[in-house]
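Architecture at a glance
Each chain, letter by letter, is given below.
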Amino acid sequence: MANHGKAVDTKEIFENMPVAKALATLAIPTILSQLISLVYNMADTYFIGTTDDPNKVAASSLAYMLVFFQMSISNLFAIGGGSLISRLLGMKNDRDARSVAALSFYGSICITLIYITIIWTNIDKLLVMMGASENTIGYARSYAFWVAVVGGIPATLNTTMAQMLRSVGYAKVSSFGLSMGGVINVILDPIFMFVILPSGHEVTGAAMATAFSNTVATLYLLYKIMLLRKTTVLSILPKDAGPGMKYIGEIFAVGFPSCISALSNSLSGTIRNNLSAGYGDVSLAAMGIVGKIDSIPLSLSMGLCQGMMPLVAYNYAAKNYKRMKEAANTARTWSMIFAVVCIIAFEIFTETVFSIFMDEPETLTIGIKLLRICCLATPLMIANVQMNYMFQAMGKGKESLFLAICRRGLTNIPFLFIMNYFFGLFGIAWTQAASDSVTLIISFAMYRRLLKGLNIEETSEELKE
């Protein structure tokens, strides 16, 4: 695939290129983008951690949940629209794919404005619900204002435009824009925190740097889409969005389960933080850092899934089920290998990894124990997430929604309360592995049933020929 805006042969990637090479072409840039995004998300935690103030670390972890809620909502149009664009391309329906792209762009803006209004008018109430104390709420309020309110629209548009670009094969362009924002954030964090703003305002400085870097990334991706609108189906013209409204049901059929899944993750994280706060701000800070570290393998696997998604969606729509299944199996194999490597690394280098973010003795002691437990859920989480992306790529909204509700609402959230009641703080850490084990059994049963149906359809098509 050519770089930054040069013509991409979508048909070659989706139809003819060897599956492993096509998956690598789409996924590697996305994985690198996820890696850099992780670095800049963790940069806030790292630089705030250098103050050795658990209250500031806990506050940023709490406030980030509001940002995560925001990114979850953006999946309505990012995942829902992106999946549909790829499927419409597979059906050779370029005109409607263009309309869906424009609708996704403006839909993301509208839904973000609604969310920003809710946050701005209820910010203290929401933070208290998430576990903020008198020691943390001031810091958390400042972080949430700059990242979720001031930088809200750029943050969600980044997600939507990046997925639009991936859906037509421009993974490198998408990844470069997101990565550029990450690099800028890492550079600006210490400048805003320790140079521009006075001592004591480190959390605000980190948040301002994040909002600014997201804005720069948004402008870059917007510029690239404007350049590509003549050679691809991508569009941000208001007149193109209207005809796309007939597909709003199909967009939400996939986007809503993805949104619910991400919102459930956010809700689960909020409950986890709230329960952890019951053991003190130090325990909350430790759990917040572990959550960031534990997100490394999951986020990189999501990068692989996002690269897999257009390949699966295109070939599913084109009824090339053999290629579709090969892409899914290849992605699953790569994910499991990566998951095992992560577990080994986290178990061996636990103290080294955690102390990167904070080496305050009490927080470090608790954090080491939590990380060694939490990392064991990695392969289970990755397998469930990939299964859900498969259903989303194929437009199977009901199945995706059921798994989203099952994974968090029916298993993880109840398990959090049960494990906390019987085993305390470390029971909370074991919850992820327990709930994902249950969900994985259900996921595989549903996936096998789906494949059985596709095999019957393939056989029927062959007999007709």
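These remarks concern the structure in this document. (Residues numbered from 1 in each chain as written. Predicted model: local features only at pLDDT ≥ 70, side-chain atom pairs only at ≥ 80, totals over all residues. Heavy atoms only, no water.)

1. A closer look at the environment of Arg323
Basically, it comes down to this: Working definition: helices are DSSP H or I runs of at least four residues, strands are E runs of at least two. Numbering for both runs from the N terminus. Here a residue-residue contact requires only that any non-hydrogen atoms of the pair lie within 4.5 Å.
Its place among the elements puts Arg323 in helix H12 (residues 321–348). Residues Arg323 and Phe14, spaced 309 residues apart in sequence, show a C-alpha to C-alpha distance of 9.2 Å. Not counting residues up to four positions away in its chain, the partners in contact with Arg323 are Ile13, Phe14, Glu15, Asn16, Met17, Val19, Ala22, Leu311 and Asn315.

2. Some remarks on a nonpolar patch on the surface
We count it as follows: In this scheme, patches are assembled from residues that exceed 30% relative accessible area and form no salt bridge. Like charges are connected within 9 Å, while nonpolar side chains (Val, Leu, Ile, Met, Phe, Trp, Tyr) are connected within 5 Å. The Shrake-Rupley method, run with a 1.4 Å probe, gives the accessible areas here. Residue values count only the displayed protein chains as cover. By definition, a salt bridge exists where a carboxyl oxygen of Asp or Glu is found within 4 Å of a side-chain nitrogen of Lys or Arg. Think of it in three bands: with a 1.4 Å probe and only protein chains considered, a residue is buried below 20% of the maximum accessible area for its type, exposed above 50%, and partly exposed in between.
A cluster of nonpolar side chains, namely Val183, Ile187, Ile191, Phe194, Val195 and Ile196, defines an oily patch on the protein surface of about 540 Å² accessible area. When you line up the elements, Ile191 lands in helix H7 (residues 171–196). Classification of Ile191 by relative accessible area gives partly exposed; the value is 35%.

3. Observations regarding the packing of helix H11 (residues 281–317) against helix H14 (residues 361–374)
Which entries qualify depends on this criterion: Between N-to-C directions, angles cover 0 to 180 degrees, with each direction set by a line fitted to C-alpha atoms, over the stretch in contact for helices. Throughout this description, any angle smaller than 35 degrees is read as roughly parallel, any larger than 145 degrees as roughly antiparallel, any in the 65 to 115 degree range as roughly perpendicular, and the remainder as oblique. Take the far helix as your reference; a near helix turned counterclockwise from it by less than a right angle gives a left-handed crossing, and one turned clockwise gives a right-handed crossing. Polar here means any residue outside two lists: the nonpolar Ala, Val, Leu, Ile, Met, Phe, Trp, Tyr, Cys and Pro, and the charged Asp, Glu, Lys and Arg; Gly therefore counts as polar.
Taken N-terminus to C-terminus, the directions of H11 and H14 make an angle of 40°; their axes are 9 Å apart at the nearest point. Classed by the angle they form, the pair H11 and H14 counts as oblique. As for the relative orientation of H11 and H14, their crossing is right-handed in sense. Taken together, the residues of H14 that come into contact with H11 (itself represented by Val282, Ser283, Ala285, Ala286, Met287, Val290, Ile293 and Asp294) are Glu362, Thr363, Ile366, Gly367, Leu370, Leu371 and Cys374. Of the residues contributing to the contact of H11 with H14, the split by class is 10 nonpolar, three polar and two charged.

4. A short note on the environment of Leu311
Structurally, Leu311 can be placed in helix H11. Among residues more than four places away in sequence, those in contact with Leu311 are Ile13, Phe14, Val19, Ala22, Leu23, Leu26, Arg323 and Ala327.

5. So, the packing of aromatic side chains
Here a ring pair, both rings aromatic, is described through the centre-centre distance and the interplanar angle of the planes. Put simply, the rule is: Centres within 6.5 Å make a pair out of two Phe, Tyr or Trp rings, where for Trp the six-membered ring is used; the pair is then stacked when the planes are under 30 degrees apart, edge-to-face when over 60, and tilted otherwise.
If you walk through the whole model with that rule in mind, you get nine aromatic pairs. Here the aromatic rings of Phe77 and Phe252 are separated by 5.5 Å at their centres, their planes lie at 70°, and the arrangement is edge-to-face. One end of the pair, Phe77, is in helix H3 (residues 54–90); the other, Phe252, is in helix H10 (residues 248–277), and 175 residues separate them in sequence. Ring centres 6.4 Å apart and planes at 50° place the aromatic pair Phe422 and Phe423 in the tilted group. We note that Phe422, like Phe423, is exposed.

6. Some thoughts on the pattern of salt bridges
In this structure the tally under the stated criterion is six salt bridges. The partner of Lys56 in a salt bridge is Glu202, with the nearest N and O atoms 2.7 Å apart. Placement of the pair is Lys56 in helix H3 and Glu202 in helix H8 (residues 202–228), with a sequence separation of 146 residues. Assessed through its relative accessible area of 7%, Lys56 is described here as buried. Put simply, Lys239 and Asp240 hold a salt bridge, and the shortest N to O gap is 3.6 Å. For Lys239, a relative accessible area of 64% translates into the label exposed. Given a relative accessible area of 11%, Asp240 falls into the buried group.

7. Examining the environment of Phe77
The buried category is assigned to Phe77, whose relative accessible area is 7%. The spacing of Phe77 and Val100 is 23 residues in sequence and 9.2 Å in space, taken between C-alpha atoms.

8. Description of H14
As a reminder of what qualifies: Residue count minus one, scaled by 1.5 Å, sets the expected span of a helix.
In this model, H14 (14 residues) spans 20 Å end to end at C-alpha, consistent with the 20 Å of a helix rising 1.5 Å per residue. Among all positions of H14, only Thr363, Leu364, Ile366, Gly367, Ile368, Leu370, Leu371, Ile373 and Cys374 are buried.

9. With respect to the packing of H11 against H12
Direction vectors running N to C along H11 and H12 enclose 175°, while the axes themselves pass 9 Å from each other. Looking at the two axes, H11 sits roughly antiparallel to H12. Of the residues in H12, those touching H11 at Ile293, Pro297, Leu300, Ser301, Leu304, Met308, Leu311, Val312, Asn315 and Tyr316 are Tyr321, Arg323, Met324, Ala327, Ala328, Ala331, Trp334, Ser335, Phe338, Cys342 and Phe346. For the contact of H11 with H12, the residue count by class is 17 nonpolar, three polar and one charged.

10. Observations regarding the side chain of Arg332
Which entries qualify depends on this criterion: Just so you know, the count uses Lys and Arg for positive and Asp and Glu for negative, and it drops His and the chain ends.
One can find Arg332 in helix H12. The buried charged residue Arg332 lacks any salt bridge partner; its closest oppositely charged side chain belongs to Glu326, at an N-O distance of 12 Å. Each residue touching Arg332, except ones within four places of it in the same chain, is listed here: Gln386, Met387 and Tyr447.

11. A closer look at helix H6 (residues 152–167)
An α-helical segment advances 3.6 residues per turn. Residues three or four places apart therefore align on the same side. Here H6 contains 16 residues, and its C-alpha end-to-end distance of 23 Å stays within 8% of the 22 Å for a straight helix at 1.5 Å per residue. Most of H6 is tucked away: 14 of the 16 residues are buried. Just downstream of H6, Gly169 is the residue with a positive phi angle, here 100°.

Any functional reading would require information that these geometric values do not contain.
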